[in-house]
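If you want the building blocks of each chain, they are given just below.
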Amino acid sequence: MATTRALLAIRSASPPCIIRIKASTFSSSLSFQRHGAIARCFSSDTNPSVLQPPDVSRLAETARISVTPAEIEECGPKIRQVIDWFGQLQQVDVNSVEPAIRAEMEGGNLREDAPETFENRESIRASIPSFDEVYLKVPKVLNKE
Amino acid sequence: MLSTLQPPRSLTLLPFRRLHGSKTIASLASSSPTLDASSVSPPQSQILTTRRSLLSGETTASEIAKSYLSRIRLTEPQLKCFLHVSENVLKEAQEIDQRISRGEEVGPLAGVVIGVKDNICTEGMPSTAASRILEHYRPPFDATAVKKIKEMGGIVVGKTNMDEFGMGSTTEASAFQVTANPWDLTRVPGGSSGGTAAAVAAKQCMVSLGSDTGGSVRQPASFCGVVGLKPTYGRVSRFGLMAYASSLDVIGCFGSTVADAGMLLHAVSGYDRFDSTSSKQDVPDFESQFLSMDSFESKPLKGVRVGLIRETLEEGVDSGVRSATQEAASHLEALGCLVTEVSLPSFSLGLPAYYVIASSESSSNLSRYDGVRYGNQVMADELNKLYDCSRGQGFGGEVKMRILMGTYALSAGYYDAYYKRAQQVRTLIRKDFKAALDHNDILISPAAPSAAYKIGEKKDDPLAMYAGDIMTVNVNLAGLPAIVLPCGLVEGGPSGLPVGLQMIGAAFDEETLLKVGHIFEQTLNGSGFVPPTLPNVA
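Keep in mind that this is a model prediction, so the values were computed, not measured.

Undergrad: Kindly report on the overall build of chain B, identifying the contributing residues and their values.
TA: From N to C terminus, chain B includes 17 helices and 12 strands. For 538 residues, the compact-globule estimate of 2.2 N^0.38 gives 24 Å, and the C-alpha radius of gyration of chain B, at 22 Å, lies within 12% of that figure. Here chain B, with 538 residues, has 66% of them falling under the buried criterion. Carbon and sulfur atoms provide 51% of the accessible area of chain B, an area that totals close to 17800 Å². When the 49 basic and 55 acidic side-chain charges of chain B are each reduced to a single mean position, those positions are 1 Å apart.

Undergrad: Could you give an account of the pattern of salt bridges, with specific residues and numbers?
TA: All names here are of chain B. With the rule as written, the count across this model stands at 20 salt bridges over all chains. Among the salt bridges present, the one from Glu510 reaches Arg235, with a minimum N-O distance of 3.0 Å. Residue Glu510 is found in helix H17 (residues 510-523), and its partner Arg235 is found in the loop between strand S6 (227-230) and strand S7 (250-255); the two are separated by 275 residues along the sequence. Assigned by exposure class, Glu510 and Arg235 land together as buried. Asp438 is paired through a salt bridge with Lys434; the nearest N and O atoms lie 3.7 Å apart. Here Asp438 pairs with Lys434, and both are found in helix H14 (residues 416-439), just four residues apart, close to one helical turn. In this structure, a network of salt bridges that share partners links the residues Arg99, Arg102 and Glu104.

Undergrad: Can you tell me about helix H12 (residues 383-394) of chain B, naming the residues and giving the values?
TA: All names here are of chain B. Helix length check: H12 (12 residues) gives 16 Å between terminal C-alpha atoms against 16 Å at 1.5 Å per residue, within 8%. The complete set of buried residues in H12 reads Leu383, Asn384, Leu386, Cys389, Ser390, Arg391, Gly392 and Gly394. Packed against the buried residues of H12 are helix H13 (397-409).

Undergrad: Explain the UniProt feature "active site" (unreviewed entry) in chain B to me, using residue names and the numbers behind them.
TA: Residues and elements named next belong to chain B. Under the present numbering, the feature "active site" (unreviewed entry) in UniProt falls on Lys117, Ser192 and Ser216. These annotated residues cover 100 residues of sequence, and their C-alpha atoms all fall within 10.9 Å of one another, placing them together at a single site. Positionally, Ser192 belongs in the loop between strand S4 (155-160) and helix H7 (194-201). With sequence-adjacent residues up to four places away left out, Ser192 is seen in contact with Lys117, Asn161, Met162, Asp163, Gly166, Met167, Gly168, Ser169, Thr171 and Ser216. With respect to the secondary-structure elements, Ser216 resides in the loop between strand S5 (207-212) and helix H8 (218-224). With near-sequence residues (within four places) excluded, Ser216 lies in contact with Lys117, Gly166, Gly168, Gly191, Ser192, Ser193, Ser211 and Phe254. In this structure the side chain of Ser216 is engaged in a polar contact, spanning 3.0 Å, whose partner is the side chain of Ser192.

Undergrad: Residues and numbers for the pairing of S4 of chain B, please.
TA: All names here are of chain B. With six of its six residues buried, S4 lies for the most part within the structure. For strand S2 (residues 82-85) and S4, the ladder comprises three bridges, and the chain directions are antiparallel. Within S4, the residue paired with His84 across the bridge is Lys159. Note that strand S3 (residues 113-117) and S4 share five bridges and pair parallel.

Undergrad: Give a description of the interface of chain A and chain B that names residues and reports values.
TA: On the side of chain B, 85 residues touch chain A, which itself brings 73 residues to the contact. When residues of chain A are sorted by the area they lose upon contact with chain B, Arg64, Leu89 and Asn109 of chain A head the list and together hold 9% of the total. Counting across the chain A and chain B interface gives 22 residue pairs in polar contact (both at pLDDT 80 or more). Elements that contribute at least two residues to the side of chain A that touches chain B include exactly helix H1 (2-11), helix H2 (36-43), helix H3 (56-62), helix H4 (69-86) and helix H5 (121-127) of chain A. Here the element with the most residues in the side of chain A that touches chain B is H4 of chain A; it accounts for nine residues. Broken down by class, the residue content of the side of chain A that touches chain B amounts to 40 nonpolar, 18 polar and 15 charged.

Undergrad: So what's going on with the packing of aromatic side chains? Residues and values would help.
TA: Inspection of the entire model under this criterion finds 16 aromatic pairs over all chains. Residues Phe86 of chain A and Tyr418 of chain B carry aromatic rings whose centres are separated by 6.4 Å and whose planes lie at 65° to one another, so their mutual orientation is edge-to-face. In this pair, Phe86 of chain A is assigned in helix H4 and Tyr418 of chain B in helix H14, connecting two distinct chains. Taking the relative accessible area as the measure of exposure, Phe86 of chain A reaches 0% and is therefore buried. Residue class for Tyr418 of chain B comes out buried when judged on its relative accessible area of 1%. With a centroid separation of 4.8 Å and 85° between ring planes, the pair formed by Tyr354 of chain B and Tyr355 of chain B is classed as edge-to-face. Exposure remark for Tyr354 of chain B: the relative accessible area of 3% places this residue in the buried category. Given the relative accessible area of 2%, Tyr355 of chain B is considered buried. Taken together through their ring pairs, the aromatic side chains of Trp85 and Phe86 of chain A together with Tyr354, Tyr355, Tyr408, Tyr414, Tyr418 and Tyr466 of chain B make up a single cluster. Between the NZ or CZ atom of Lys280 of chain B and the centre of the ring of Tyr271 of chain B, over which it lies, the distance is 5.0 Å. Stacked on the ring of Tyr453 of chain B, the Lys or Arg Lys458 of chain B has its end atom at 4.5 Å from the ring centre.

Rules behind the numbers
- Residues numbered from 1 in each chain as written.
- Chains lettered and ligands numbered in written order.
- Predicted model: local features only at pLDDT ≥ 70, side-chain atom pairs only at ≥ 80, totals over all residues.
- Heavy atoms only, no water.
- Helix = DSSP H or I, 4+ residues; strand = E, 2+ residues; numbered from the N terminus.
- Rg over C-alpha atoms; globule rule 2.2 N^0.38 Å.
- Buried < 20%, exposed > 50% of the residue type's maximum accessible area, 1.4 Å probe, protein only.
- Areas by Shrake-Rupley, 256 points an atom, 1.4 Å probe, with all protein chains shown as cover.
- Lys, Arg positive; Asp, Glu negative; His and termini not counted.
- Charge placed at Lys NZ, Arg CZ, Asp CG, Glu CD.
- Salt bridge = Lys/Arg side-chain N within 4 Å of Asp/Glu carboxyl O.
- Expected span 1.5 Å × (residues − 1).
- Contact = heavy atoms within 4.5 Å.
- UniProt positions renumbered as here; feature names shortened; annotations may be inferred.
- Polar contact = N/O pair within 3.5 Å; in protein donor to acceptor, adjacent residues only side chain to side chain.
- Pairing = 2+ DSSP bridges.
- Buried area = accessible area lost by both parts, 1.4 Å probe.
- Nonpolar A, V, L, I, M, F, W, Y, C, P; charged D, E, K, R; others polar.
- Phe/Tyr/Trp six-rings, centres within 6.5 Å; stacked < 30°, edge-to-face > 60°.
- Lys NZ or Arg CZ within 6 Å of the ring centre and 35° of its normal.

Next up, the structure:
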């Protein structure tokens, strides 16, 4: 843990590290243990100035997850720390690199657009928390957004 | 609870293994008067042993099942690998015995006792993904992989513990219990398939099915001293695997030998119309790779080109792990391989790219857990509040954090900066792997930068936890197959901690991985990696 905090403290002082360059730009005076690939992950200056930092309560609202003030206080800094760390991707030269949706791009696996009856409907019904004959029961939507 | 354990059997087994960073095998052997070199035999496949002894009548499926159930009862209080043990084990075993006694055919996995990670749906058995939001959920269907092993006669003995929804590297993020590493009960088994790996290591089951999104099969395999096999993306149907990151998830196999992991993989592989990302590539007969050691030539891997990934041996990786990996490379050379160093320049980008993609995709995938159609519901007077509270109270801290990070990365205006960029980095990583695998048959690296660490050590420091995934995430981004097998021990615990070697193959080339892995394992001096802190199986 102490090592990681040291890494983060040092990171803000270190020169920007452009990841595409192979050699590490670390000076040997840095006293923490992690070097090499692991340290390069955690070392570069980020440039998040154009992006707003994460607002945890706003994000929680968007994701429809309730968070207590204690949770915001606890995980807010951790989320910001990780998002800052994501920022190093900004420095990679991705000019004219195609984004890969997934590794293997075998296509054409589409099915017939025809409904099939699932045999075990009883088991599906048994899992529904609030069920009233044909309907899944939910509370009213009071606020229109 | 510890008083129920028998004293460790380490004295018999210890001399056979090399402790990296301290004694060599030669000095250990000479210091033990009980060592008898001729009694060392390579680890045997449990699937083949079961098959032989059932068909020869030497034992019955019921006897085997009983012995595993009693071992589970004996060891679970210390280990906590299982979230649920099946009530149908003996019944299923009896059915197999009846079929054998009637002279009927039984499947190739008949009587094999199998653990299944709790994010893989098993009909009628709880499947919770170790989350409170699915606490009592019983799926109405089997995952395709589970359906296949059942059709082949396999017995699902229970559902194993994991980090909630696959998010974690220690199994500490389970909503229900923390699994202990059988090698040292104060240490983590790894994650997210920690219970799944530990159950095989502790001989609570013969083989098990896990899932691997960023290393969740390979890293616990390394920490627990078992074999973990991650297939190519698309090799095994994901139907019934609760999705974490859809472009990265695969179902993987654990076994105590390469042969067992390979045979289990063969059983669950193949095209499935229910999974649109499932591949139509032929599934070769993996079993044909597992020749007996007697038939090995003197250099059985002659000409196999192995690339050792330079970036995985830099400082920051424990010295014991580095030396175990280098020794493994020497062992491969002794078997005839041509081992050279390769560089993957994009290597260090994999970790942030992975976490952007995984948290983004998980924020989308976990939106289905809304308390309406299944799972725990927290009733409220308004619909949005029902969603908020069901999810807020149902999800654990790590899951919430990742969903929020993913929500941020996918927000309007930020998609290009994060998710799209990470996808572009994925292309760079794929290219580097392809270039390296054009000149090598396999690549090798450690499976993790260290052996198992203490429970609680990294719990509050997300970046420290994520750092441990550096060896494994790139493989998921590239969609390639990889196997981890134990290659040595490092200092720590009552008698050393296992360290795994990772071998990475070209897409759909599990055959080469299994061939090399099997020969490596069978010729590695020693009688297998058995944790010494537990009583031996009856």
